[in-house]
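Chain and residue survey
Okay, here's what each chain looks like letter by letter:
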Amino acid sequence: MMLGNQAQQQKDIEVTAAPSDSISDLAFSKTSDLLAAASWNNEVRIWEVMGDGSTVAKAMYSHEGPALVCQWSPDGSKLASGGADSAGRMFDVTTGQPTQFAKHDAPIKGLRWVDGANIVATGSWDKTIKYWDIRQPTPVSSVALSDRLYSMDTHGSLLVAATADRSITMYDMSNPAVPFRTMESPLKMQTRVVSCFTTGGGFAVGSIEGRVAIQYTDVKDSQGNFSFKCHRDGAPSAANASVYAVNAISFHPVFGTFATAGSDGGFTFWDKDSKQKLKVFNKQAGPISAATFNRNGSIYAYAVSYDWSKGYTGASESFKNTIMLSPVSEADIKPRKK
Amino acid sequence: MAKKNKKKVVRPWCWYCERDFEDEKVLISHQRAKHFKCNHCNKKLNTAGGMAVHVMQVHKETINTVPNAMPGRQSVDLEIYGMEGIPEADQIAYLAKQEDGDNNPASKRPKFDGGSASVEFSAEDLQNQLAQHKAMMAAAAAPAPAAAAPPPGMPTPPGFPMAPPVPGAPGAHPPNSGPYPGQFQYPGMPPAAASVMPAAYSQFYQPRPPQPFGMPPHPGMPQGGPPPQFPPYGQAPWPPHGPPPGAPHNMPPQHHPGFAPPRFMNGPPPPGYPLPPGMPPHMPYGAQGLPGGPPHPMHGPPGPMAQRPPMAASPHLPPGSGPLTPTGIPSSQMNHGLRQTSHITSSPDATTLAAAASTAVATSSASPAPSSAPVAPASTASPSAPPTGASAPADAAVNKTPLTNAAAKKESVLVYSNNDVSVEEVRAALERYRFKPKVESS
């Protein structure tokens, strides 16, 4: 991407024609410069990000209820999305048509392509994860969870699912119906997001209480597990410090460092190996509800839209939901020596 | 079985700030980062003394207190490293505090001293209890069907013979008292309300296990009968999500005959009795005063009362709820006893319950708001907006707020504090976003 020349200014570019309601998920294709966004106005929109950072709206389709998750297939030919209409829909880029491939009994909150297979895993508030071969109407297999699924991520053959009861279950895709490890979240409050290391070996967990935990999947490596506080206002130990939820954790595809984005509107880059904060960015006008890196980590896309953290009263009809593309300078995201 | 020694090893803790940690390594890195760090150059030293020396030599300044340390623990002279160097006296004091902490107020168990009426609950404790109770109730209420949702039916009894026992009850009517006079209000409750009880009652029981059922062990219990029966009510028989509303109906009848007589026979049980779970004074009220006879009338009062306790956060008494409010928790206790009797007469009316529930929700939205400042309005607002569909999670949100606030020791404000429901679930339940499946014969 040619955004390098803009790196100095930290000028983030706004994506054209952002959805009219909050953005629940963002996804970049792994093979091209297509960006998808799922929104509470039921739409899933797709743009192409050009070399200079500008965006061109390419396609759009709708769910019958708010769209909550989306992800591109590994080969970049299809976009899968899930929503509050309890349906999983697939958009084929070549045909430009959406089709429904999955169905749950409650809204779908997690959706991930299982690497190396033509299979999509969908997790729902109906307390199950179902694996779908996209050509079949019935799931290949269904796994029961201990509670509603809140977040799910995959890397290689690892699938990590976080549920409402603060339990985190790990599955090996060679045996997808059987969890190979179940643990209680290291964080005391509700899990908001889980994200696998892009370098493998573990995942990060974010909660509603401004805290992130780094967990290694292998019990042998559990010495390296740690957690830290983030996305808080005011002096750390002051009374009345506001504590915000961590809405998104995204690992850089190349460096293995990661970014967290919070309900406070801020996003920060971190290095888990040296346990350092790499860069803090200015707070945006509203909560950051979703964020992701592009395929080579040169762009960090984040959506500024209301995440309902303050309930109904915090919602404003006039708030302009935006999706911003931030050029990532290597200096900001590279791992740092302690 | 008396478990003498602490079965758990004490976690390493920091002498300077009394925080505990997973292991010594973490403790040491905490100390280096928080207490032994130079303010000028951020150099992390190994001990307080080392830091003092560094600051003196490099920055030419003297410091005589350890940063981020509790008052009394700021000495630069004591050589503490990890857990080493902690003075014996402080170690003992800390361990003692841990012990106390284990027997936390919520369990009530140890606090119960059989015969003495020394249950003196401060307003704060009551509020905490109320908050916790509400939270538990809400947790129980949320999964339970709507019929069971109405705030736990106040034990009908209030109006009953309870009056006499009440005054006799352990003196703990402190801030909440006034209840006594208020309790007489109960009789005024519409009989229909009584039907609310049974289901509501079941609500009570689910969340309550830690508290109410402290009763059985309670030495003060004069009656042999009730104690054995309590546990079933409180714990085992009640599946976590409450047996379907029908269940409550089932249970009481069985227990009732056995239960009521012993319970109520005692008339005014000795002061100690009523408060087994450590409920505020009102407890005795319910426990004692219920003669087997009057059960019927009981149905009346509970109705409106039922609604009150859960809703009103202790500091705010909804008008007319009078004494009950602060005693939301006790009311549940009372209900327990009452429930038995009420079952004899009639089964709750589902519609009444539902109506009560919605009123409850509406009221609850209003009342807790003032109490817990920063977070409450936010989460309270969301319950008010969604229609009944969301009332269960909303109710949980509202009720959780006081608990979160009461429990949060750091006073930091969690912007989104509902630990049981995610923001998306709250939002997806709203009328505006709710998925309405197309009516297709599929």
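Please read these numbers as outputs of a predicted model, since none were measured by experiment. (Residues numbered from 1 in each chain as written. Chains lettered and ligands numbered in written order. Predicted model: local features only at pLDDT ≥ 70, side-chain atom pairs only at ≥ 80, totals over all residues. Heavy atoms only, no water.)

**As for the overall build of chain A**
- When helices and strands are tallied, chain A shows one helix and 29 strands.
- Across the 338 residues in chain A, those meeting the buried criterion constitute 61%.
- In chain A, 45% of the contacts between residues at least 6 apart in sequence involve partners at least 24 apart.
- About 12,900 Å² of surface is accessible on chain A, with carbon and sulfur atoms providing 49% of the total. (Helix = DSSP H or I, 4+ residues; strand = E, 2+ residues; numbered from the N terminus. Buried < 20%, exposed > 50% of the residue type's maximum accessible area, 1.4 Å probe, protein only. Contact = heavy atoms within 4.5 Å. Areas by Shrake-Rupley, 256 points an atom, 1.4 Å probe, with all protein chains shown as cover.)

**Concerning the sheet that holds strand S19 (residues 202-207) of chain A**
Residues and elements named next belong to chain A.
- Here four strands make up an open sheet; going across it, the order is S18-S19-S20-S21 and the pairing antiparallel. Strands at the two margins of the open sheet, each flanked by one partner only, are strand S18 (191-196) and strand S21 (226-229). Pairwise comparison of adjacent strand axes, ignoring direction, gives a mean angle of 20° for this sheet.
- As paired elements, S18 and S19 share five bridges and run antiparallel to each other. Across the sheet, residue Cys 196 finds its bridge partner in S19, namely Phe 203. (Pairing = 2+ DSSP bridges. Axes fitted to C-alpha atoms, helices over the stretch in contact; angles between N-to-C directions.)

**Here we look at the interface of chain B and chain A**
- At the junction of the two partners, chain B supplies 29 residues and chain A supplies 34 residues.
- Here chain B packs against chain A, burying approximately 3,000 Å² in sum over the two surfaces, 58% of which is carbon and sulfur.
- The largest share of the area that chain B buries against chain A comes from Val415(B), Arg427(B) and Phe435(B), three residues that together contribute 22% of it.
- Across the pair Arg192(A) and Glu424(B) runs a salt bridge, and its minimum N-O distance is 3.0 Å.
- Seen at the junction of chain B and chain A, the total is 17 residue pairs in polar contact (both at pLDDT 80 or more).
- Residue assignment for the side of chain B that touches chain A shows that the elements contributing at least two residues are helix H17 (375-384), strand S1 (413-414) and helix H19 (423-429) of chain B.
- Per element, the largest residue contribution to the side of chain B that touches chain A is six residues, and it comes from H19(B). (Buried area = accessible area lost by both parts, 1.4 Å probe. Salt bridge = Lys/Arg side-chain N within 4 Å of Asp/Glu carboxyl O. Polar contact = N/O pair within 3.5 Å; in protein donor to acceptor, adjacent residues only side chain to side chain.)

**A few points about the UniProt feature "repeat: WD" (unreviewed entry) in chain A**
- What UniProt calls "repeat: WD" (unreviewed entry) maps, in this numbering, to residues 16-49, 60-101, 101-142 and 239-280 of chain A.
- Helix makes up 0% of residues 16-49 of chain A and strand 56%. Its end C-alpha atoms lie 10 Å apart. (UniProt positions renumbered as here; feature names shortened; annotations may be inferred.)

**Side note on the packing of aromatic side chains**
- Enumeration according to the criterion identifies 23 aromatic pairs over all chains in this entry.
- Arranged with centres 4.4 Å apart and planes meeting at 45°, the rings of Phe228(A) and Trp270(A) form a pair that is tilted. A residue pair is termed long-range when its members are at least 10 positions apart, and Phe228(A) in strand S21 and Trp270(A) in strand S25 (residues 267-271) qualify at 42 residues. The exposure classification of Phe228(A) matches that of Trp270(A), with both residues buried.
- Measuring from centroid to centroid gives 5.1 Å for Trp15(B) and Tyr16(B), while their planes differ by 80°, and the two rings are edge-to-face.
- Within the aromatic cluster, the residues linked to one another by ring pairs are Phe197(A), Tyr216(A), Phe226(A), Phe228(A), Phe251(A), Phe258(A) and Trp270(A).
- One Lys or Arg, Arg427(B), reaches over the ring of Trp40(A) and ends 4.4 Å from the middle of that ring. (Phe/Tyr/Trp six-rings, centres within 6.5 Å; stacked < 30°, edge-to-face > 60°. Lys NZ or Arg CZ within 6 Å of the ring centre and 35° of its normal.)

**Some points on the sheet that holds strand S28 (residues 299-304) of chain A**
- Strand order in the open sheet made by the four strands is S1-S29-S28-S27 (chain A), with antiparallel pairing throughout. Each edge of the open sheet carries a strand with a single partner, namely strand S1 (13-14) and strand S27 (288-293) of chain A.

**Regarding the pairing of strand S7 (residues 78-83) of chain A**
Residue and element names in this part refer to chain A.
- The buried fraction of S7 amounts to five of the six residues, a majority that puts the element mostly inside the structure.
- Pairing analysis gives five bridges linking strand S6 (residues 67-72) to S7, with the strands arranged antiparallel. In the sheet register, Val 69 faces S7, and the bridge partner there is Gly 82.
- A loop of five residues connects S6 with S7, the two strands running antiparallel in sequence, and Gly 76 in this loop sits at a positive phi of about 75°.
- Both S7 and strand S8 (residues 87-92) contribute to a ladder of five bridges, which runs antiparallel. Pairing of Gly 82 across the sheet is with Gly 88, part of S8.
- Here S7 hands over to S8 after three residues, with Ser 86 in that stretch at a positive phi of 60°.

**Structural notes on the environment of Val143(A)**
Residues and elements named next belong to chain A.
- Relative to the elements of secondary structure, Val 143 occurs in strand S13 (residues 141-144).
- You can call Val 143 buried: its relative accessible area is 4%.
- In the structure, Val 143 is positioned 14 residues away from Ile 129 in sequence and 5.1 Å away in space, judged by C-alpha atoms.
- Contacts of Val 143, omitting those with residues within four sequence positions, involve Lys 127, Thr 128, Ile 129, Tyr 131, Tyr 171, Pro 176 and Ala 177.

**Observations concerning a positive patch on the surface**
- A contiguous patch of positive charge, built from Lys275(A), Lys338(A), Lys25(B) and Lys44(B), is present on the exposed surface.
- Locating Lys338(A) in the fold gives a position in the segment after helix H1 (330-333). (Patch = residues over 30% accessible without salt bridge, like charges linked within 9 Å, V, L, I, M, F, W, Y side chains within 5 Å. Lys, Arg positive; Asp, Glu negative; His and termini not counted. Charge placed at Lys NZ, Arg CZ, Asp CG, Glu CD.)

**As for helix H1 (residues 24-34) of chain B**
- Within the sequence span of H1(B), burial applies to Leu27(B), Ile28(B), His30(B) and Gln31(B). Projection of H1(B) onto a plane perpendicular to its axis shows the buried side chains occupying an angular sector of 160°, all on one side. (Arc of directions from axis to C-beta.)

**A closer look at the pairing of S28(A)**
Residue and element names in this part refer to chain A.
- In terms of burial, S28 is largely enclosed, as six of its six residues are buried.
- Burial of S28 is two-sided: the residues Ile 299, Ala 301 and Ala 303 facing one way and the residues Tyr 300, Tyr 302 and Val 304 facing the other way are all buried.
- Pairing of S27 with S28 involves five bridges; the strand directions are antiparallel. Residue pairing for S28: Thr 292 is matched across the bridge by Ala 301.
- Here S27 hands over to S28 after five residues, with Gly 297 in that stretch at a positive phi of 80°.

**Some details on the confidence of the model for chain B**
All names here are of chain B.
- Per-residue confidence for chain B gives a mean pLDDT of 57; residues scoring 70 or more make up 28%.
- When pLDDT is averaged over each element of chain B, H19 comes out on top at 93 and helix H16 (residues 368-371) at the bottom at 39.
- Under a pLDDT of 50 for its full length, residues 144-410 has, in the predicted model, 577 contacts with residues more than four places off or in other chains.
- The complex model carries a pTM of 0.53, and its ipTM stands at 0.91. (pLDDT = per-residue confidence, 0-100.)

**Some thoughts on the nonpolar core**
- With 21 residues, the main nonpolar core has Trp40(A), Trp125(A), Ile208(A), Trp308(A), Tyr416(B), Val426(B) and Tyr433(B) as its most contacted residues.
- Here the element with the most residues in this core is H19(B); it accounts for three residues.
- Residues Trp15(B), Met51(B), Val66(B) and Tyr94(B) belong to the second largest nonpolar core, which totals 20 residues. (Core = buried A, V, L, I, M, F, W, Y, C linked by side-chain atoms within 4.5 Å.)

**Remarks on unusual backbone geometry**
- Notably, Asn42(A) is not glycine yet its phi reads approximately 80°, a positive angle.
- Structurally, Asn42(A) is set in the loop between strand S3 (34-39) and strand S4 (43-49).
- Residue Lys60(B) is not a glycine yet carries a positive backbone phi of 55°.
- Structurally, Lys60(B) is set in the loop between helix H2 (48-59) and helix H3 (88-102).

**Digging into the pattern of salt bridges**
- Summed over all chains, the structure comprises 26 salt bridges over all chains.
- Here Glu184(A) makes a salt bridge to Arg166(A), at a shortest N to O gap of 2.9 Å. One end of the pair, Glu184(A), is in strand S17 (residues 179-184); the other, Arg166(A), is in the loop between strand S15 (158-163) and strand S16 (167-172), and 18 residues separate them in sequence.
- With relative accessibility at 16%, the residue Arg166(A) sits in the buried group.
- With a shortest N-O distance of 3.5 Å, Arg432(B) and Glu317(A) are connected by a salt bridge. Residue Arg432(B) is located in the segment after H19, and its partner Glu317(A) is located in the loop between S28 and strand S29 (322-327); the two belong to separate chains.
- Take Arg432(B): its relative accessible area is 47%, and that puts it in the partly exposed class.

**Thoughts on the state of the cysteines**
All names here are of chain B.
- The full count for this structure, using the stated rule, is zero disulfides over all chains.
- Cysteine Cys 17 shares no disulfide, and the gap to the nearest cysteine sulfur, in Cys 14, comes to 3.7 Å.
- Judged by its relative accessible area of 17%, Cys 17 falls in the buried class. (Disulfide = S-S within 2.5 Å.)

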